[in-house]
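For reference, the chains in residue letters:
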Amino acid sequence: MARSHDDGGEGREATKALRGEDDRRVARGTGLRKKDKKRKRRSANAAKALPPPPAPSQEEHRATSSADDGFNYRLLQRMRDIVAMQANSEPAVEQCAKRVRVCSGFVMLQTDNTGTSMILTSATLVRSLNGDNNVMPNVTVKVLLSDGHITDGHIFLVDFHYNVAVVKVAADLALLEVVHLKGTTHNGAVLALGRAYEGGNLMCSRGQVVNQTSTFGCSELLVSSCKISMAGSGGPLVNYNGQVLGINFYEKNHTSYLPMLIVSRILEQHQSFGKTISPWLGLKYTSLHTMPLSVLERIYQKFPDVDQGLYISNVAKGSPADVAGLCNGDVLVECNEKVLPTAPEFGAVLLDVCTEHLGATGECARETMIVEVVIKRPGDGSTVSKTIAAEMLKESNYNRWPALMPSYKVRVISIGV
């Protein structure tokens with residue numbers, strides 16, 4: 001109990017001691033605050049007693065004013081010079097049209113003994129700003145050559161259905177070697193090439209040809225894993241031997257390209273007859289090798305003996321194909337006695353039919369062209385031959401090409417070659 005009592009006394013004494021120290025701290029703090037207030041009052045009184053600063057002498061005032069006036073004069077003069085430069089440049093700006101779109105391109109043809117070359121590019125370059133199938137009015141084409149020179153280009157050919165255009169320039173440029181692939185598509189590594197109009201730097205993206213379908217409406221398009229910019233549209237897709245496989249079109253996640261199998265026929269047709277025509281069957285089809293495996297499995301269950309061909313996903317009502325008896329779900333395996341492993345080869349056969357048609361009829365083109373096809377029916381896998389009276393392709397049935405490149409209220413476009 002005594003220990004307990006002693007502990008309690010010590011505890012109380014310790015407590016009292018702590019309280020006493022707190023009281024002393026509070027007292028010291030109160031004294032400091034009072035001293036601070038006295039010092040502030042003395043400083044304020046001293047400031048009131050000080051005389052006002054003397055005014056600058058006339059010499060000092062004149063020196064300061066002269067320095068400020070000199071600076072202001074130089075600044076004002078500089079502003080006047082800038083305004084004058086802008087005023088003098090305004091007529092030139094009005095006369096020099098601004099850029100609308102930029103594409104890449106490559107040489108496809110040379111004119112004998114004239115020193116001119118034909119540059120293949122995307123028709124998006126000259127497509128109307130509202131996206132329809134017309135060339136922009138009053139358009140001027142400027143071409144940046146590989147040597148850095150800029151020259152005028154003249155529109156020679158536009159095919160809005162396949163979205164290709166040819167621009168003629170007065171320059172003797174080197175041709176690229178073209179590959180016309182048949183049977184299967186190219187399976188090796190490829191390069192998507194282009195040229196930046198600003199600075200003229202070469203653009204290059206490496207990839208592979210992949211078994212995918214394009215998001216565009218053109219069935220003949222193939223796809224590579226290369227990734228290009230919008231300015232790369234119209235540039236060539238080449239293999240590692242430098243041979244051109246097709247013309248590139250920008251898409252967000254990959255690059256579509258139109259094979260030279262199609263492009264060369266368009267150019268040859270225009271060179272021979274001064275125009276291009278295409279047939280309209282009213283079909284929507286996809287190469288079997290580009291379809292997803294989940295879809296292919298169902299197709300192969302219906303067609304166990306079919307390993308290549310074109311799967312018909314849609315037949316337009318009242319179209320030539322519909323009248324001929326083709327149906328959704330059929331598989332096209334032959335056209336005009338030629339096997340159809342891919343969609344580009346079907347498109348090439350149809351363009352050959354058009355060329356023969358133009359050669360036989362000249363300017364007096366008939367309204368229909370005969371196309372013989374062989375199809376496989378779903379279910380029993382029977383083989384059926386059909387004759388299609390294909391019509392001349394009209395603008396309302398052109399392939400759909402989204403306007404991916406920015407459009408402005410200006411009238412000049414540029415190509416990097």
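Presented here is a report on the structure given in the accompanying data block. Note that the structure is predicted; figures quoted are calculated from it, not measured.

**Overview of the overall build of the protein chain**
Part 1 of the reasoning: Secondary structure assignment for the protein chain yields six helices and 19 strands.
Part 2 of the reasoning: Sorting the 417 residues of the protein chain into buried and exposed places 41% on the buried side.
Part 3 of the reasoning: Taking all contacts inside the protein chain whose residues are at least 6 apart in sequence as the whole, residues at least 24 apart take part in 65%.

**Some remarks on the sheet that holds strand S11 (residues 255-259)**
Part 1 of the reasoning: If you trace the six strands once around the closed barrel, you get S6-S7-S8-S11-S10-S9, paired in antiparallel fashion. The sheet shows a mean angle of 45° between the axes of neighbouring strands, direction not considered.
Part 2 of the reasoning: Across two bridges, the pairing between strand S7 (residues 202-210) and strand S8 (residues 222-224) is antiparallel. In the sheet register, valine 210 faces S8, and the bridge partner there is valine 223.
Part 3 of the reasoning: Most of the contacts of helix H3 (residues 260-273) go to S11, to which it runs at about 50°, and overall it touches strand S10 (244-250) and S11.

**Overview of the environment of threonine 151**
Part 1 of the reasoning: The residue threonine 151 is located in strand S4 (residues 150-159) in this model.
Part 2 of the reasoning: For the pair threonine 151 and alanine 170, spaced 19 residues apart in sequence, the C-alpha separation works out to 7.9 Å.
Part 3 of the reasoning: The contacts of threonine 151, once residues within four sequence positions are left out, are Val141, Lys142, Val143, Leu145 and Val169.

**Brief notes about the pairing of strand S17 (residues 368-376)**
Part 1 of the reasoning: As paired elements, strand S15 (residues 331-335) and S17 share four bridges and run antiparallel to each other. Residue leucine 332 lies in a different strand from S17, and its bridge partner there is isoleucine 375.
Part 2 of the reasoning: Where S17 lies against strand S18 (residues 383-392), nine bridges are found, and the strand directions are antiparallel. The residue bridging lysine 376 from the neighbouring strand is threonine 383, located in S18.
Part 3 of the reasoning: Hairpin connection from S17 to S18: six residues lie between these consecutive antiparallel strands, with glycine 379 at a positive phi of about 90°.

**As for the pattern of salt bridges**
Part 1 of the reasoning: The tally for this structure, following the rule as stated, stands at five salt bridges.
Part 2 of the reasoning: Residue arginine 99 is joined to glutamate 198 by a salt bridge in which the shortest nitrogen-to-oxygen separation is 2.9 Å. Taken together, the residues arginine 99 in strand S1 (residues 99-111) and glutamate 198 in the loop between strand S6 (189-195) and S7 connect sequence positions 99 residues apart.
Part 3 of the reasoning: In this structure glutamate 198 comes out as exposed when scored by relative accessible area, which is 57%.
Part 4 of the reasoning: Two residues, aspartate 352 and arginine 265, come together in a salt bridge whose shortest N-O distance is 2.9 Å. Placement of aspartate 352 in helix H6 (residues 343-361) and of arginine 265 in helix H3 is noted, with a sequence separation of 87 residues between them.

**Some details on the packing of aromatic side chains**
Part 1 of the reasoning: Applying the stated criterion across every chain, the model contains three aromatic pairs.
Part 2 of the reasoning: Aromatic pair phenylalanine 216 and tryptophan 401: ring centres 5.3 Å apart, planes at 50°, arrangement tilted. With a gap of 185 residues between them, phenylalanine 216 in the loop between S7 and S8 and tryptophan 401 in the loop between S18 and strand S19 (412-416) connect regions that are remote in the sequence.
Part 3 of the reasoning: Here the aromatic rings of phenylalanine 249 and tryptophan 401 are separated by 5.0 Å at their centres, their planes lie at 55°, and the arrangement is tilted. Of this pair, phenylalanine 249 sits in strand S10 while tryptophan 401 sits in the loop between S18 and S19, and the two are 152 residues apart along the sequence.
Part 4 of the reasoning: Of the residues examined, tryptophan 401 reaches a relative accessible area of 9% and is grouped as buried.
Part 5 of the reasoning: Each residue in the set Phe216, Phe249 and Trp401 is aromatic and connected to the rest through ring pairs, giving one cluster.

**Some words on unusual backbone geometry**
Part 1 of the reasoning: Although it is not a glycine, asparagine 138 sits at a positive phi angle of roughly 55°.
Part 2 of the reasoning: Relative to the elements of secondary structure, asparagine 138 occurs in the loop between strand S2 (116-122) and strand S3 (140-144).
Part 3 of the reasoning: At glutamate 337, a position not held by glycine, the phi torsion is positive, near 65°.
Part 4 of the reasoning: By the secondary structure assignment, glutamate 337 is in the loop between S15 and strand S16 (338-339).

What counts and what doesn't
Residues numbered from 1 in each chain as written. Predicted model: local features only at pLDDT ≥ 70, side-chain atom pairs only at ≥ 80, totals over all residues. Heavy atoms only, no water. Helix = DSSP H or I, 4+ residues; strand = E, 2+ residues; numbered from the N terminus. Buried < 20%, exposed > 50% of the residue type's maximum accessible area, 1.4 Å probe, protein only. Contact = heavy atoms within 4.5 Å. Pairing = 2+ DSSP bridges. Axes fitted to C-alpha atoms, helices over the stretch in contact; angles between N-to-C directions. Salt bridge = Lys/Arg side-chain N within 4 Å of Asp/Glu carboxyl O. Phe/Tyr/Trp six-rings, centres within 6.5 Å; stacked < 30°, edge-to-face > 60°.

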